[in-house]
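# Residue-level structural notes
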2 protein chains.
Amino acid sequence: MIKIGLLGFGTVAGSFYDLVEENREGLEKITGQKIEFKKILVRNIGKYNRCKNLLTINKEDIFEDREINLIVEATGEVDRLASPIEEALKRGVNVISANKALISKYLERLILTSKKSKASLKFEGAVGGAIPILSNIEKLKAAGGVKKVIGVLNGTSNFILSQIENGLSFEKALELAKEKGYAEADPSADIDGIDTMRKINITSSLLFDKFFKEEEIETIGIRKINEDRIKDALKSGKTIKLIGYGDKNGKIYVRPEELEKNSILGSLKGGENAIVFFTENAGEIVIKGMGAGGRETAYSLVSDLIDIYGK
Amino acid sequence: MIKIGLLGFGTVAGSFYDLVEENREGLEKITGQKIEFKKILVRNIGKYNRCKNLLTINKEDIFEDREINLIVEATGEVDRLASPIEEALKRGVNVISANKALISKYLERLILTSKKSKASLKFEGAVGGAIPILSNIEKLKAAGGVKKVIGVLNGTSNFILSQIENGLSFEKALELAKEKGYAEADPSADIDGIDTMRKINITSSLLFDKFFKEEEIETIGIRKINEDRIKDALKSGKTIKLIGYGDKNGKIYVRPEELEKNSILGSLKGGENAIVFFTENAGEIVIKGMGAGGRETAYSLVSDLIDIYGK
């Protein structure tokens, strides 16, 4: 029996709960096991109208429950949860996370711990929302590997940049992004490139078997972008996108770059993300989809669950 | 130990042999097993300058060798190999194939046999060349499934259609495709839509848990395409592509359709293929890459091997 401790009950974690309930029959068939939600960690119990008997505000209720064999984490927390998650992995508890901040920062520790204990650690949702990026990496590596990877991985930056193309100033575009719910009250993770840095960090680490330090990844966001540069690009059929880059020589960076407007990365709109793997033996492989969204990211959590328990 | 009987030693099968040798260390680590090529079935031993001691022209040398536990098939044969492969699956021998003609025609029989005997049957290379299409299907299904799927899956048709856009007649474009090696001497599988039909048949069967009869799939190729229709489309920013379509209501067809020139399917060039999954919960997921080519398709054979033996 898969007994889940769910960390968080916001859009992503809540959607994961829904997806499991809606597809319980198929999932129990694929995994060959019953699935039970044992407890759900939240900050404020009063906020939720369902699953009342599962909710707790004490993380010990989950991390000290020895029946829980799978932790699914989709919170915005970083340092407070890293050590308990590491301890859980040590005990052989499987972990699925959609939390890029936590995974990017603690990647090396968590991966080494999970390798030692043979607990599974999966975090597809932390990189591509709904896009199956990480699950394709092992195979890409085994058949000769990847030379370099380039991704457009931040929907908020996409939105703002295309509004500037439409004639808005950066400030106006950011305001509009906030109004439309694309940008958060504090948009720095998006517009300063931090979000993209985390995603390309995680992807490159797995692809190239090398751990990077976040603070050593050159990260230039779009906050100070020159609006004229965007308009000039447009005139020659180009477009500026915030890209994350990694290669097998260990080069890794995040910065706005000029792309052909009608290339696959250049033509992405709004919440669309895409990543291009330049492989040794299989040409370019491109995967594109919705990079964020509650149900979309929850879909990746379900994918991870199948990866761990499937067959 | 994985003991392989390789059927065929042309571009794809030969590249599979090379990829395994080049990446033997990694593959043996991932599978936890030694890998050995036991025998290779060819039509004409004199054609090959290597692996002389492995080559045979008698299929019994492979199908009656009880040590062989994995058959990797990349021939152009259909009816002659279907029954021996089915018998092998019955005995528990795992099978990987890149042969779309064989898989599409015998899909139901082979899948039901493999389910009964619990032998693995994989055929990623039969659909997308290097593109990981089938390997993503199980997860898509488990998290709510797919409403419909649309693919541009035939590079030869892509090439010919874009040459017509450039002003050539259909006949001239086909001639050029033959000259450049994109089309075979007998190009009917490509230009009559058969190749696309096989690929969408295999994909839709797995996606929607329903077996189609090849002859019942409405299949219109590009042989009789109206050149003016292509030019008219072009004028309004559109382009004609040969698409394969399948949906969860059991609708399935192949025909030339008008697409936006700058959409992801509309902008494909030459050997590029792509497929769009319209999912219930994860938005649209697009996977794009090289749909053919020896090493590219061989890469998918290696992926399948990892899927079977990995972890």
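What counts, and at which threshold
Numbering of residues starts from 1 in each chain and follows the order in which that chain's sequence is written. Labels are handed out in written order, letters beginning with A for the chains and numbers beginning with 1 for the ligands. Two thresholds apply to this predicted model, a pLDDT of at least 70 for residue-level local features and 80 or more for giving and counting side-chain atom pairs, whereas whole-chain, interface and lining totals are computed over all residues. The basis for the side-chain values is all heavy atoms of the structure; hydrogens and waters are excluded. Relative accessibility thresholds used throughout: buried, under 20% of the residue-type maximum; exposed, over 50%; partly exposed, between the two (1.4 Å probe, protein chains only). Each helix is a run of H or I in the DSSP string that is no shorter than four residues. Each strand is a run of E no shorter than two, and both are numbered from the N terminus. Pairing between two strands requires that DSSP report at least two bridges joining them. Contacts are assigned to residue pairs with any non-hydrogen atoms lying within 4.5 Å of each other. Between N or O atoms, a polar contact is any pair within 3.5 Å; within protein, one atom must be a potential hydrogen donor and the other a potential acceptor, and residues adjacent in sequence are included only when both atoms are from side chains. To qualify as a nonpolar core, a set must consist of buried Ala, Val, Leu, Ile, Met, Phe, Trp, Tyr and Cys residues joined through side-chain atoms within 4.5 Å. An automatic or database domain assignment supplies the residue ranges for each domain. A quick way to say it: buried area is the sum, across both parts, of accessible area lost when two parts are put together, with a 1.4 Å probe. Salt bridges, as used here, are contacts in which a Lys or Arg side-chain nitrogen is within 4 Å of a carboxyl oxygen on Asp or Glu.

All right, on to the pairing of strand 11 (residues 272–279) of chain A then. All names here are of chain A. Within strand 11, seven of the eight residues are buried, which leaves the element mostly enclosed by the surrounding structure. Bridge count between strand 11 and strand 12 (residues 284–290): seven bridges; the pairing is antiparallel. Looking across to strand 12, one finds that isoleucine 275 is bridged to isoleucine 287. Turn length for the strand 11-strand 12 hairpin, with the two strands adjacent in sequence and antiparallel, is four residues, and the turn residue glycine 283 shows positive phi of about 65 degrees.

All names here are of chain B. For helix 8 (residues 155–165), a buried count of 10 out of 11 residues is recorded, marking the element as mostly surrounded by other parts of the structure. Burial in helix 8 covers these residues: Gly155, Thr156, Ser157, Asn158, Phe159, Ile160, Leu161, Gln163, Ile164 and Glu165. Close packing links the buried residues of helix 8 with strand 7 (146–152), helix 9 (170–179), helix 10 (188–191), helix 12 (227–235), strand 9 (238–247) and strand 11 (272–279). Structurally, the start of helix 8 carries an N-cap: the backbone nitrogen of threonine 156 is 3.4 Å from a side-chain oxygen of asparagine 154. At the exit of helix 8 stands glycine 167, carrying a positive phi of roughly 115 degrees.

This brings us to the nonpolar core. Of all hydrophobic cores here, the largest spans 101 residues; its most connected members are Phe123(A), Ile160(A), Phe277(A), Ile4(B), Leu6(B) and Phe16(B). Residue contributions to this core peak at eight residues, all from helix 13 (residues 294–309) of chain B. Core analysis: the second largest hydrophobic core is formed by 99 residues, Val12(A), Leu55(A), Val149(B) and Ile202(B) among them.

Further remarks concern the domain arrangement of chain A. All names here are of chain A. We note that the domain assignment places domain 1 (2–130 + 295–309) and domain 2 (135–290) within chain A. The C-alpha-based centres of domain 1 and domain 2 are spaced at 27 Å. If you look at the interface, domain 1 gives 17 residues, while domain 2 gives 13 residues. Its largest share of buried area at the contact with domain 2, domain 1 owes to Lys100, Ser104 and Val127, together 40% of the area lost on that side. Across the contact surface, domain 1 and domain 2 share one salt bridge. A salt bridge links lysine 100 to aspartate 195, with the shortest nitrogen-to-oxygen separation between them at 3.8 Å. Elements with a contribution of two residues or more to the side of domain 1 that touches domain 2: helix 5 (100–117), helix 6 (125–128) and helix 13 (294–309). Top element by residues in the side of domain 1 that touches domain 2 is helix 5. It accounts for eight residues.

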